[in-house]
Amino acid sequence: MTEFEPLPASALPPITPPPGPPAPAAIPRVRGRDLMRVESRALYIQALFSAERQQGPGFAFALLPVLRRVYTTAGERGRALARHMGFFGTHPVLSGIVLGVVARLEERRAQGLPVDEAQIETTKRALASPLAALGDPLFWVTLRPLAGLMGVLGMAVLPLADTVGPDLRVVVCPSLALLTYNAVAIRYRVAGVPRGYAMADDPGGLLRSLHLPELRRFFERVSAFAFGALVTLTLWPMAQSADPGHEGFAHKASVLAPFVLGSILTAILLRRWPGRTVEIAFAAALVALVLSTRI
Amino acid sequence: MLSEIWRVALLGGVLAMDRSAGWNLMLGQPLVGACLAGAFLSPGTPWELWALRIPLGVGVLLQLLLTDPALPAAQRPRDTATAGVIGASIAVLSLERLHPFVPLTTGGILWVLVGTLAGLLAAVGGGWMEGSLRARNQRSALRAEELALEGRLGAFEALYWRGVARIFLRGATWSAAATVAGVALASLLLPRVAGLITGPRAGWIFASLMGVAFGAAFHTHVRAPRHGFRWAAIGAIATLLVLLRLNAGGES
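Residues numbered from 1 in each chain as written. Chains lettered and ligands numbered in written order. Predicted model: local features only at pLDDT ≥ 70, side-chain atom pairs only at ≥ 80, totals over all residues. Heavy atoms only, no water.

1. Structural notes on the overall build of chain A
Point 1. From N to C terminus, chain A includes 10 helices and 0 strands.
Point 2. Secondary structure elements in chain A, listed N-terminal to C-terminal, are α-α-α-α-α-α-α-α-α-α.
Point 3. A sequence separation of at least 24 residues applies to 77% of the contacts in chain A between residues at least 6 apart.
Point 4. A total of about 13,000 Å² of accessible surface is found on chain A, and carbon and sulfur atoms cover 65% of it. (Helix = DSSP H or I, 4+ residues; strand = E, 2+ residues; numbered from the N terminus. Contact = heavy atoms within 4.5 Å. Areas by Shrake-Rupley, 256 points an atom, 1.4 Å probe, with all protein chains shown as cover.)

Next comes the structure, spelled out in structure tokens:
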């Protein structure tokens, strides 16, 4: 998903319903209940995730209630299902939007309107790529780390109320993490399929209406601000309690040294070897163990 | 122990679903998983306090250490969902069993260390297991396409649900097996090195791990975003001013 660049809205093929005969009464229309089923199935969109097709099988699985509604024979339903089994990759939270748009197009195709398979596929890909390019940096890179950080910050902010009773931070910290992420993500989850279905004719407008880049910029700043606050909230009590016997600066420095050195070296090493935190953590633990036996 | 392992398995399975099936509700984050594991295990009244605090410490460290700012495709395979559960479970279950041999040092820091290191190893092992699951998914997807072309929609759905169940079972079996192995290893090793485990040594290792965690968090939250330094400095200064103000208020 990283290779996708966001397409300008003008690059997306407009879906204008061509003039044609009215929908035959015999063909059932997609109902709200079907869209809700699609939405609930989208929660499992990555269950058969593979490098080759990514979320393709999950997309077909999620769309099945709509295909069952609009196509009448098992053969038609099966062919439509197989069409959606190919490569599909977007951010899972935003997949509902593409599912909604495709549900509308499949409905029109079943009604006999001139919507061909290639148009459905083109629209699907044209939406999935920018949604991945906008959604991944927002949800994976910014919001998920921020949510975790808010949980950690909860531990630094909340005082230990009672030294012998149950620690309420155990409830508050994970709740903070869950709330921070889901306050944003659930909105897109719940509204995704109906919004995609309603705005299927205006994919460019649909993308713009999500305000994903603006949200990302905002949460990036909040994330950096929260990290700054966490550093102060951690160092302040550490510096105050590092020298209870008033043994002087040297003692204080020796107590704070593993933390400070560990932070600085990790920041430098991760620049050189990104993603190697586990290895760095084990190396740091080993070095600290060796040094602690010598000092 | 068996009932505890069942609970660990159930929790690991559910959190693996959150991470791998597509729920993405943040349940699979190490902080959440570790705290849930502490609450689920509850090893009895004498350990009630530690069974909550130690998982919180493990969860906080693992959360900072295992948060990778790269896009999923560019990340190293690490199973963060079960890492918190496994790390916290090993710490709590080992604490309960090994307390007579290895006493609590400096507020349970030793057990936080044991849980964090176990969680890091579990994240690496779980990542490898997830890779093998994806190879299996590729074969299932081919079969699913055949079933779709044959018009056998019921069979297609059953195949897909089996894929969902596989994710749950992988998370459950991995969590249970890794926890049992971790507790067994801790029971074997820790009593033998109990004499070497002192408060200051545990404190040094803990402080260095905390340092690594903060360095990783700096990499994630400050280096990657634009103007990250500026906003982090504003956050640090604003918090410092609030603390100084609160301190001055307390003294007066």
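From this point on, the discussion continues.
2. Some thoughts on the overall build of chain B
Point 1. Along chain B, the regular secondary structure elements total 8 helices and 0 strands.
Point 2. Scanning chain B from its N terminus toward the C terminus, one meets helices and strands in the order α-α-α-α-α-α-α-α.
Point 3. C-alpha extents for chain B along the principal axes are approximately 80 × 50 × 30 Å.
Point 4. Considering chain B as a whole, with its 252 residues, one finds that 58% of them fall into the buried category.
Point 5. Here chain B displays about 10,100 Å² of accessible surface, and carbon together with sulfur accounts for 68% of that area.
Point 6. Computing the positive centroid from 20 side-chain charges and the negative centroid from 12, chain B places the two 7 Å apart. (Buried < 20%, exposed > 50% of the residue type's maximum accessible area, 1.4 Å probe, protein only. Lys, Arg positive; Asp, Glu negative; His and termini not counted. Charge placed at Lys NZ, Arg CZ, Asp CG, Glu CD.)

3. As for the packing of aromatic side chains
Point 1. Applying the stated criterion across every chain, the model contains 12 aromatic pairs over all chains.
Point 2. On the numbers, 4.0 Å between centres and 10° between planes, the contact of Phe61(A) with Tyr160(B) is stacked. Taken together, the positions of Phe61(A) in helix α2 (residues 56-70) and Tyr160(B) in helix α6 (residues 153-189) put the pair across two chains. Each member of the pair, Phe61(A) together with Tyr160(B), is buried.
Point 3. Ring geometry for Phe139(A) versus Tyr181(A): centroids 6.2 Å apart, planes at 70°, classification edge-to-face. Here Phe139(A), found in helix α5 (residues 117-157), pairs with Tyr181(A), found in helix α6 (residues 169-198); they are 42 residues apart in sequence, far enough to count as distant.
Point 4. Given a relative accessible area of 0%, Phe139(A) falls into the buried group.
Point 5. Connected via pairs of aromatic rings, a cluster forms that spans Tyr44(A), Phe61(A), Trp23(B), Tyr160(B) and Trp161(B).
Point 6. Of note, Arg41(A) hangs over the ring of Phe61(A), and the distance from its end group to the ring centre comes to 4.4 Å.
Point 7. The ring of Tyr188(A) is capped by Arg187(A), whose NZ or CZ atom sits 5.1 Å from the centre of that ring. (Phe/Tyr/Trp six-rings, centres within 6.5 Å; stacked < 30°, edge-to-face > 60°. Lys NZ or Arg CZ within 6 Å of the ring centre and 35° of its normal.)

4. Notes on the pattern of salt bridges
Residues and elements named next belong to chain A.
Point 1. Summed over all chains, the structure comprises 21 salt bridges over all chains.
Point 2. As a salt-bridge pair, Glu-106 and Arg-83 come within 2.8 Å of each other at their nearest N and O atoms. With Glu-106 in helix α4 (residues 95-110) and Arg-83 in helix α3 (residues 74-83), this pair connects stretches of sequence that are 23 residues apart.
Point 3. You can call Glu-106 buried: its relative accessible area is 0%.
Point 4. Note that Arg-125 and Glu-121 form a salt bridge whose closest N and O atoms lie 3.2 Å from each other. Here the residue Arg-125 and the residue Glu-121 both occupy positions in helix α5, the gap between them amounting to 4 residues, near one helical turn.
Point 5. Judged by relative accessible area, Arg-125 falls into the partly exposed class, the value being 44%. (Salt bridge = Lys/Arg side-chain N within 4 Å of Asp/Glu carboxyl O.)

5. Some remarks on the packing of α3(A) against helix α5 (residues 109-149) of chain B
Point 1. Two numbers describe how α3(A) lies on α5(B): the axes approach to 7 Å, and their chain directions differ by 150°. Overall, the two elements α3(A) and α5(B) adopt an arrangement that is roughly antiparallel. Contact with α3(A), carried on its side by Gly78(A), Arg79(A), Leu81(A) and Ala82(A), involves Glu145(B), Ala148(B) and Leu149(B) of α5(B) and no other residues of that element.
Point 2. Within the contact of α3(A) with α5(B), the residues separate by chemical class into 4 nonpolar, 1 polar and 2 charged. (Axes fitted to C-alpha atoms, helices over the stretch in contact; angles between N-to-C directions. Parallel < 35°, antiparallel > 145°, perpendicular 65-115°, else oblique. Nonpolar A, V, L, I, M, F, W, Y, C, P; charged D, E, K, R; others polar.)

6. Quick look at unusual backbone geometry
All names here are of chain B.
Point 1. Backbone geometry at Asn-24 places phi at a positive 50°, although glycine is not the residue there.
Point 2. Position of Asn-24 relative to the elements: it lies in the loop between α1 (2-20) and α2 (30-41).
Point 3. Note on Asn-24: relative accessible area 9%, which makes it buried.
Point 4. Of note in the backbone geometry, His-227 takes a positive phi value of approximately 60° without being a glycine.
Point 5. The residue His-227 is located in the loop between α7 (199-223) and α8 (228-251) in this model.

7. Quick notes on the nonpolar core
Point 1. Core analysis: the biggest nonpolar cluster contains 165 residues, and Phe139(A), Tyr181(A), Trp111(B) and Phe156(B) have the highest contact counts within it.
Point 2. The element contributing the most residues to this core is α5(B), with 15 residues.
Point 3. Discounting chain neighbours no more than four positions away, the residues touching Phe156(B) are Pro57(A), Ala60(A), Phe61(A), Leu64(A), Leu81(A), Met85(A), Ala144(B) and Leu147(B). (Core = buried A, V, L, I, M, F, W, Y, C linked by side-chain atoms within 4.5 Å.)

8. Digging into a positive patch on the surface
Point 1. On the surface, Arg217(A), Arg221(A), Arg226(B) and Arg230(B) cluster together into a patch of positive charge.
Point 2. Looking at the element boundaries, Arg230(B) is found in helix α8. (Patch = residues over 30% accessible without salt bridge, like charges linked within 9 Å, V, L, I, M, F, W, Y side chains within 5 Å.)

9. Remarks on the environment of Ala51(A)
Residues and elements named next belong to chain A.
Point 1. With respect to the helices, strands and loops of the structure, Ala-51 is situated in the loop between α1 (32-41) and α2.
Point 2. The class of Ala-51 is exposed, set by a relative accessible area of 65%.
Point 3. When the C-alpha atoms of Ala-51 and Leu-113 are compared, they prove to be 35 Å apart, with 62 residues separating the residues in sequence.

10. Examining the confidence of the model for chain B
All names here are of chain B.
Point 1. Scored by pLDDT, chain B has a mean of 91; 96% of the residues are at 70 or more.
Point 2. α6 holds the highest mean pLDDT among the elements of chain B, 96, whereas helix α3 (residues 48-66) holds the lowest, 90.
Point 3. ipTM for the predicted complex: 0.93, alongside a pTM of 0.91. (pLDDT = per-residue confidence, 0-100.)

11. Details of the interface of chain B and chain A
Point 1. With 92 residues of chain B at the interface, the matching set in chain A holds 100 residues.
Point 2. Taken together, both faces of the contact between chain B and chain A bury some 8,400 Å²; the carbon and sulfur share is 72%.
Point 3. Contact with chain A buries surface across chain B, with Tyr160(B), Trp204(B) and His221(B) losing the most and accounting together for 9% of the total.
Point 4. If you look at where chain B meets chain A, you find 4 salt bridges.
Point 5. Of the charged contacts in the structure, one is a salt bridge between Arg78(B) and Glu279(A), with a shortest N-O distance of 3.4 Å. (Buried area = accessible area lost by both parts, 1.4 Å probe.)

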